[in-house]
Amino acid sequence: MAYDSENVFAKILRGELPCDKVYETDHALAFKDIQPQAPVHILVIPKGPYVSMDDFSENASDAEISEFFRVVGQVARDAGVVETGYRMLANHGDDGRQEVPHFHVHVFGGCDLGGMVRRVSA
Ligand code: AMP
């Protein structure tokens, strides 16, 4: 799948749309989800044009990948959810119901997040 440079996160990275930024490094940006599903709901995105986890894990540099996951950890620490617990989640593709085609990890916390996934019939 080719990267769509008109996706909403690409526009945020170019400064064409605002975001509620919580953390930023050379390779990654973290901001609050516009429709939070938990008291803490932060998105972490790489600044590079990666469609999904598949694209990112295959094509990003070691520096981008290591910095990205350090930012995920830092964001969780800064949000104060390490002791109480949190969940990180990345949706990929249609079955994962990925809506925005720019790789991102959700960080959820601040309450009991319930079961991991809703069981669905095969
Ligand atoms: P996903 O289904 O994993 O692709 O999730 C996309 C997420 O992006 C959803 O949780 C949306 O609420 C969130 N989102 C969409 N547009 C924005 C925006 N402009 N600022 C912050 N979060 C957004």
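Everything numeric here is computed off the predicted structure, so don't read it as measured data.

Participant: Any chance you could explain the environment of Met-1 here in plain terms?
Facilitator: Following the sequence through the fold, Met-1 ends up in the segment before α1 (8-13). Using a relative accessible area of 81% as the deciding quantity, one classes Met-1 as exposed. With 20 residues separating them along the chain, Met-1 and Lys-21 place their C-alpha atoms 28 Å apart. The contacts of Met-1, once residues within four sequence positions are left out, are Val-51 and Pro-101.

Participant: I would appreciate a short explanation of the pairing of strand β5 (residues 105-109) in the present structure.
Facilitator: The side chains of a regular strand alternate, residue by residue, between the two faces of the sheet. β5 sits mainly inside the fold: five of its five residues count as buried. Side chains Val-105, Val-107 and Gly-109 project from β5 onto one buried face, and the interleaved His-106 and Phe-108 project onto a second face that is buried too. Where strand β3 (residues 40-46) and β5 come together, five bridges link them in antiparallel fashion. Residue pairing for β5: Leu-43 is matched across the bridge by His-106. Strand direction decides the pairing type here: strand β4 (residues 86-89) and β5, joined by four bridges, are antiparallel.

Participant: Which parts of the structure should I look at to understand the site of the ligand?
Facilitator: Around the ligand there are 16 residues in total, and Asp-33, Asn-91, Glu-99, His-104 and His-106 lie nearest to it. Residue Asp-33 places a side-chain N or O atom 2.5 Å away from an oxygen atom belonging to the ligand. Within the backbone of Val-100, one N or O atom sits 2.9 Å away from an oxygen atom of the ligand. Contact with the protein chains covers 86% of the free accessible surface of the ligand, which is 510 Å². For the ligand, the cavity whose grid points lie within 2 Å of the majority of its atoms is the largest pocket. Residue assignment for the shell around the ligand shows that the elements contributing at least two residues are α1 and β2 (28-32). With three residues, the single largest contributor to the shell around the ligand is α1. Tallied by class, residues from the shell around the ligand come to seven nonpolar, five polar and four charged.

Parameters and conventions
Residues numbered from 1 in each chain as written. Predicted model: local features only at pLDDT ≥ 70, side-chain atom pairs only at ≥ 80, totals over all residues. Heavy atoms only, no water. Helix = DSSP H or I, 4+ residues; strand = E, 2+ residues; numbered from the N terminus. Buried < 20%, exposed > 50% of the residue type's maximum accessible area, 1.4 Å probe, protein only. Contact = heavy atoms within 4.5 Å. Pairing = 2+ DSSP bridges. Near = heavy atom within 4 Å. Polar contact = N/O pair within 3.5 Å; in protein donor to acceptor, adjacent residues only side chain to side chain. Areas by Shrake-Rupley, 256 points an atom, 1.4 Å probe, with all protein chains shown as cover. 1 Å grid on protein atoms, 1.4 Å probe; cavity = no way out; pocket = protein on both sides within 12 Å on 5 of 7 lines; lining within 4 Å. Sits in = over half its atoms within 2 Å of the grid points. Nonpolar A, V, L, I, M, F, W, Y, C, P; charged D, E, K, R; others polar.

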